[in-house]
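This is what each chain is made of:
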Amino acid sequence: MSSRLKETFSVPRPAALAAKVRTLAPGMTRSMQRVADALLDDPAASAALTVTGLAERTGTSEATVVRTARVLGYPGYRDLRLALAALAAEQAAGRAPVVTADISVDDPMARVVAKLAQEETQCLADTAAALDTAQLESAAAALAAARRTDVYGVGASNLVGQDLVQKLLRIGLIAHAPADPHLAVTNAVQLRPGDVAIAITHSGRTTDVIEPLRAAFERGATTIAVTGRPDSEITQYADLVLTTSTARESELRPAAMASRTSQLLVVDCLFIGVAQRTYERAAPALAASYEALVHRHDPRTGR
């Protein structure tokens, strides 16, 4: 994350631990992944181990265990153990989400529906648990006060950006989500302090999203990254980082598809936060946009 905004981050809540492990593990080293897998597979057993014991169990080193704890957002292994114990208690009480099996090519449609519903539910719960609400509040405040907002994303992430732009336009705010990466950069260089630029990228490594956010950052706009990889390159140019989770990636459902649900949740949270801060003008604007379109939805009104 950029150092322009100094934010205070709290230790992740136990409910967020499983989500953070699933989200961050793919970007870890192999040795750290072994530690992360052990934490997720059996949090109760891991919580009972010392740092030396967990290192021996995973065939890694004490330093690797400590680094894994810090990547997950904990100051040290002791704090991670406490979160693991709390997560184990939640699982024993039946409150922790259950990871479903991958969708296979032979699954009947009823099973596909059930698995997708479970994965989407878990994805939303993981994202909600891991979101830093202080960062979210700051992002909503910046959007509410912005002269103009640009949203950058490619592929499925651009569709999420278009969704946010449509919402902002309906309450009278100026917003753009260019699909062309060249147009995104040319838009970004026109931004200035008081404007907002939002980058949406699950991987955090998409060049066509990094470039315009960097341009906006260099011109003093408030920059926000919505990403599943809070340690990725995109966050170097982000004043605020909103972390998303993702449903399990599979052969039939790549990450670009699986990440969309959590991104849409973040977009909805941002919009509600903006609408709350601008309610006096947002409510009439929403009513006016509804009235302008109602006859297209219901021809029986004759309007």
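For the structure itself, look to the data block above.
Summarised in this report is the structure supplied together with it. Just so it is clear, the model here is predicted, and its values are computed rather than measured.

**Things to note about the overall build of the chain**
Right, so step 1: Looking only at helices and strands, the chain features 14 helices and five strands.
Right, so step 2: Expressed as a percentage of its 303 residues, the buried residues of the chain come to 47%.
Right, so step 3: When contacts within the chain are restricted to residue pairs at least 6 apart in sequence, long-range pairs at least 24 apart make up 71% of them.
Right, so step 4: Of the roughly 14700 Å² that the chain leaves accessible, carbon and sulfur atoms contribute 55%.

**Comments concerning the pairing of strand β5 (residues 240–243)**
Right, so step 1: Every second residue of β5 is oriented toward a common face, with Leu 240 and Leu 242 on one face and Val 241 and Thr 243 on the other, all of them buried.
Right, so step 2: Here four bridges tie strand β4 (residues 222–227) to β5, and the two strands are oriented parallel to one another. Considered in β5, the bridge of Val 226 is made with Leu 242.

**Let's talk about helix α6 (residues 77–92)**
Right, so step 1: Taking 1.5 Å as the rise per residue, α6 with 16 residues should run 22 Å; its terminal C-alpha atoms sit 22 Å apart, in good agreement.
Right, so step 2: Within α6, the full set of buried residues consists of Tyr 77, Leu 80, Ala 83, Leu 84, Leu 87, Ala 88 and Glu 90. Down the axis of α6, the buried side of the element spans an arc of 155 degrees, and every buried residue falls inside it. Facing away from the buried surface of α6 by more than 90 degrees, the exposed residues are Arg 78, Leu 82 and Ala 92.

**Focus: the side chain of Ser 245**
Right, so step 1: Tracing the chain through its elements places Ser 245 in the loop between β5 and α12 (255–258).
Right, so step 2: With a relative accessible area of 2%, Ser 245 lands in the buried category.
Right, so step 3: Beyond its immediate chain neighbours, meaning those up to four positions away, Ser 245 contacts Ala 19, Thr 23, Cys 123, Asp 126, Thr 127 and Ser 262.

**A word on the side chain of Lys 167**
Right, so step 1: Mapping Lys 167 onto the fold places it in helix α9 (residues 156–170).
Right, so step 2: Within the structure, the side chain of Lys 167 is placed 2.5 Å from the side chain of Asp 163, a separation counted as a polar contact.
Right, so step 3: Leaving out residues up to four positions away in the same chain, Lys 167 has contacts with Val 267, Asp 268 and Phe 271.

**Some details on the sheet that holds β5**
Note: strands within a sheet are paired through backbone hydrogen bonds, in either parallel or antiparallel orientation.
Right, so step 1: An order of β2-β1-β3-β4-β5 is seen for the five strands of this open sheet, with the pairing classed as parallel. Both outer strands of the open sheet, β2 (175–176) and β5, are each paired with one neighbouring strand and no more.
Right, so step 2: Two elements, strand β1 (residues 149–152) and β2, share two bridges in a ladder whose sense is parallel. What sits directly across from Asp 150, in β2, is His 176.
Right, so step 3: Where helix α8 (residues 133–145) meets the sheet, its contacts fall on β1, β3 (196–200), β4 and β5, and the angle it forms with β5 comes to roughly 120 degrees.

**Considering the nonpolar core**
Right, so step 1: If you look at the biggest cluster of nonpolar residues, it comprises 30 residues, and the most contacted ones within it are Leu 168, Ile 198, Leu 242 and Val 274.
Right, so step 2: Looking at this core, the elements with two or more residues in it are α8, α9, β3, β4, β5 and α13 (260–277).
Right, so step 3: Ignoring any residue separated from it by four or fewer positions in sequence, one finds Ile 198 in contact with Leu 143, Thr 149, Asp 150, Val 151, Tyr 152, Leu 164, Leu 213, Ile 224 and Val 226.

**Remarks on α9**
Right, so step 1: The end-to-end C-alpha separation of α9 is 22 Å, in line with the 21 Å expected for 15 residues at 1.5 Å each.
Right, so step 2: Taken as a whole, α9 has its buried residues at Ser 157, Asn 158, Val 160, Gly 161, Leu 164, Val 165, Lys 167 and Leu 168.
Right, so step 3: Packed against the buried residues of α9 are α8, β1, β2, β3 and α13.
Right, so step 4: Directly beyond the C-terminal end of α9, a positive phi value near 85 degrees is found at Gly 172.

**Points about the pairing of β4**
Right, so step 1: For β4, a buried count of five out of six residues is recorded, marking the element as mostly surrounded by other parts of the structure.
Right, so step 2: Here β3 pairs with β4 via five bridges, running parallel. When the bridges of β4 are listed, Val 196 appears paired with Thr 222.
Right, so step 3: Chirality of the crossover, the property in question, places the unit of β3, helix α11 (residues 207–218) and β4 among those that are right-handed.

Calculation rules
- Residues numbered from 1 in each chain as written.
- Predicted model: local features only at pLDDT ≥ 70, side-chain atom pairs only at ≥ 80, totals over all residues.
- Heavy atoms only, no water.
- Helix = DSSP H or I, 4+ residues; strand = E, 2+ residues; numbered from the N terminus.
- Buried < 20%, exposed > 50% of the residue type's maximum accessible area, 1.4 Å probe, protein only.
- Contact = heavy atoms within 4.5 Å.
- Areas by Shrake-Rupley, 256 points an atom, 1.4 Å probe, with all protein chains shown as cover.
- Pairing = 2+ DSSP bridges.
- Expected span 1.5 Å × (residues − 1).
- Arc of directions from axis to C-beta.
- Polar contact = N/O pair within 3.5 Å; in protein donor to acceptor, adjacent residues only side chain to side chain.
- Axes fitted to C-alpha atoms, helices over the stretch in contact; angles between N-to-C directions.
- Core = buried A, V, L, I, M, F, W, Y, C linked by side-chain atoms within 4.5 Å.
- Right-handed = clockwise from strand over helix to strand, strands pointing away.

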